[in-house]
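# Notes for the structure review
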Amino acid sequence: MTVTLLWVATPSAEVSNYFGFLDSFRVLDSPKFASRYRNLLSKNSSKKGRSQKWKSFSFDADLRYPCVGSGSKLSAVSSMIATPAGEMAISSEEMVYNVVLKQAALVNKQLRDRRDLEVKPEIVLPGSLGLLSEAYERCREVCAEYAKTFYLGTMLMTPERRRAIWAIYVWCRRTDELVDGPNASHITPTALDRWEARLEDLFQGRPFDMLDAALADTVVRFPVDIQPFKDMIEGMRMDLRKSRYQNFDELYLYCYYVAGTVGLMSVPVMGIAPESQASTESVYNAALALGIANQLTNILRDVGEDARRGRVYLPQDELAQAGLSDDDIFAGKVTDKWRNFMKSQIKRARMFFDEAEKGVRELSSASRWPVLASLLLYRQILDEIEANDYNNFTKRAYVGKAKKIAALPMAYAKSIISPSRTPALTKA
Ligand SMILES: CC(C)=CCC/C(C)=C/CC/C(C)=C/CC/C(C)=C/[C@@H]1[C@@H](COP(=O)(O)OP(=O)(O)O)[C@]1(C)CC/C=C(\C)CC/C=C(\C)CCC=C(C)C
Ligand SMILES: [Mn+2]
C-alpha cells in the first residue's frame, strides 16, 4: 500500500503543522478533498506569508508513523487525515504527539523550577520511612516475579531510580490486570473510574494502599505527570468496549494508551543524559515509539490467543487489503496471504523499534542498558515469529534463554556509547 504525501516547499519547518499525510486513495480519488486540503494549507500558509509549491510523493505506508516528530526529514510532516466523507480530522498520531509535547514542556518546567535537584530530598515523617521502604520492597518483589528481564535491567540504575521504576511497573501491572487478570470479567467502566479516582488521590498524597504509597512517593520525587497514567486507564476502557480496530490510526491510539504511556511515565525517572544534545520532546517521542513497538510486537505474538478471546488487534482495513478477514484469523491457517500480511506488520513494528533505539543513547548512562536490553529482547520476538514461519495462531514466539543471555552484553556494548555531538535526535 502506498500513501501520497502532499509536500509544501517552504523555507522554514515552522509551518510543519500544516503538512499532512493523506491516504493516496482518498486524495487521488477525491478531488473535493484534495482541493479542500489545499485551500486549508494555502489559507494557513498565506497567513504566514509563505510561498508554497506542491509536490507529491508516494511511498510505503509503513513509513508514516515512526517518522513524525522524530527529528528526521519526515518529522516535518504532521498527520491530518481525511475521513471517508472528506472531512479533515486530527489523527491519533497528532493527538498523541501533542501529549508528548506537553509532557516534555512540563518536565522541562519542573526541572527548571528546582534547577539543581534531580531528585527531591527525602521528607521523613517519624515512623514513615520503614513503611515506605516496605512499600518499595513489595514493588521490587512484584517486578522481580512478573518481569524478570525488566527487573534485571533496573538493577543497574541508581537505587532511587530503580525503586521508582518498580513502583511505576507495579501500578501499570495492576492496571493491566484489571482487564487482563483473573477478575477481568467483573471489571466495569465504573470500576475503572474508581481506579482513576484512586490514582488522583495518590497524586495528591493520599495513597489507598501500600503499593500506591510507593508510587505516591515516586511522583513527589520525580517530575512524573498524571496524564500518561490517566491515559493508560483510558486504554483499559477502550479494551472493555472495543474488540476490533478499523485501521492503524485506531490501533496506534490503543497502543499509545496501553504502552506508549509507559515510555512517558519512565523517562522522567530514567533521566536524560546531561550531555545530550537532543530535545526533551525527541527523547519522549523515542520512549513513546518503544511503547508502541512493544505493544505491536505483543499483539503480533498473541494473535491466536487474542482470537480465542474473540479479539482481533489488527487493522481491519489492512487485513482486507491483504485479502484476509476475521474468519481467516479464527480458522488459524498459515497461508501465503497471512505470511505477506505478517511481513508488513513486522516491518512496521521494527521501524518503531529503530525509532526508539535512536533515543536510548540520550538517556542517562545508567538507564541505557536496561532499556536497550528490554528493546533487544522484545524485538527478538519478531525474529521468532518469522522463525515459526508466521504461525502465531498456535505457536507462541518465545526468545530462548541462550538468546536472552547473548542480548545482554550486546545491549551493554551499545549502551556505553554516550550521546554524540551530532545525534540522531537533535535539539529542535
Ligand atoms: C527498564 C524498563 C524497560 C522499564 C519499564 C518498566 C515498566 C514501567 C513497565 C510497565 C509494563 C506494564 C506492566 C505495562 C502495562 C500494560 C502492558 C502489559 C503492556 C505490555 C508490556 C509487555 O508485557 P507482557 O509481555 O508481560 O504483556 P502481557 O500483559 O503479558 O500480554 C507491553 C508490551 C508494553 C510495555 C512498554 C514498555 C516497557 C515501554 C518502555 C519504554 C521505556 C522504558 C522508555 C525508554 C526510553 C527511551 C528514550 C527509548
Ligand atoms: Mn496484558
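To start, this report covers the structure provided alongside it. (Residues numbered from 1 in each chain as written. Chains lettered and ligands numbered in written order. Predicted model: local features only at pLDDT ≥ 70, side-chain atom pairs only at ≥ 80, totals over all residues. Heavy atoms only, no water.)

From N to C terminus, the protein includes 18 helices and 7 strands. Burial analysis of the protein (428 residues in total) assigns 53% to the buried set. Excluding contacts between residues fewer than 6 apart, the proportion of contacts in the protein whose partners are at least 24 apart in sequence is 75%. Working note: accessible area of the protein is about 19700 Å², and carbon and sulfur atoms make up 55% of it. (Helix = DSSP H or I, 4+ residues; strand = E, 2+ residues; numbered from the N terminus. Buried < 20%, exposed > 50% of the residue type's maximum accessible area, 1.4 Å probe, protein only. Contact = heavy atoms within 4.5 Å. Areas by Shrake-Rupley, 256 points an atom, 1.4 Å probe, with all protein chains shown as cover.)

Octahedral six-donor coordination of a metal ideally yields angles of 90 or 180 degrees, compared with 109.5 degrees for tetrahedral four-donor coordination. Taken together, Asp176 (OD) and Asp180 (OD) make up the protein donors of the manganese ion (ligand 2), found 2.0 to 2.4 Å from the metal. Of this pair, Asp176 and Asp180 both sit in helix H7 (residues 159-180), separated by 4 residues, roughly a single helical turn. By relative accessible area, which is 22% here, Asp176 ends up partly exposed. Taking relative accessible area as the criterion, Asp180 reaches 44% and is therefore assigned partly exposed. (Donors = N, O, S within 2.8 Å, 3.2 Å for Na, K, Ca; no water.)

The subject of this paragraph is the packing of aromatic side chains. Applying the stated rule across the entire model yields 14 aromatic pairs. Judged by centre distance (6.3 Å) and plane angle (45 degrees), the rings of Phe248 and Phe352 are tilted. Taken together, the residues span a long stretch of sequence, with Phe248 in helix H11 (residues 248-270) and Phe352 in helix H16 (residues 336-360) at a distance of 104 residues. Since its relative accessible area comes to 3%, Phe248 is described here as buried. Considering the side-chain rings of Trp338 and Phe393, the 4.7 Å spacing of their centres and the 35 degrees angle between planes classify their relative orientation as tilted. A residue pair is termed long-range when its members are at least 10 positions apart, and Trp338 in helix H16 and Phe393 in the loop between helix H17 (365-387) and helix H18 (401-415) qualify at 55 residues. Each member of the pair, Trp338 together with Phe393, is buried. A cation over an aromatic ring shows up here: Lys242 above the ring of Tyr245, its NZ or CZ 5.0 Å from the ring centre. Here the basic side chain of Arg348 rests over the ring of Phe248, its NZ or CZ set 3.7 Å away from the ring centre. (Phe/Tyr/Trp six-rings, centres within 6.5 Å; stacked < 30°, edge-to-face > 60°. Lys NZ or Arg CZ within 6 Å of the ring centre and 35° of its normal.)

So, on to unusual backbone geometry. At Asp389, a position not held by glycine, the phi torsion is positive, near 55 degrees. Within the secondary structure layout, Asp389 lies in the loop between H17 and H18. In this structure, Tyr390 takes a positive phi of about 65 degrees despite not being glycine. Looking at where Tyr390 falls in the secondary structure, it is placed in the loop between H17 and H18.

On their own, these measurements won't tell you what the molecule is for.
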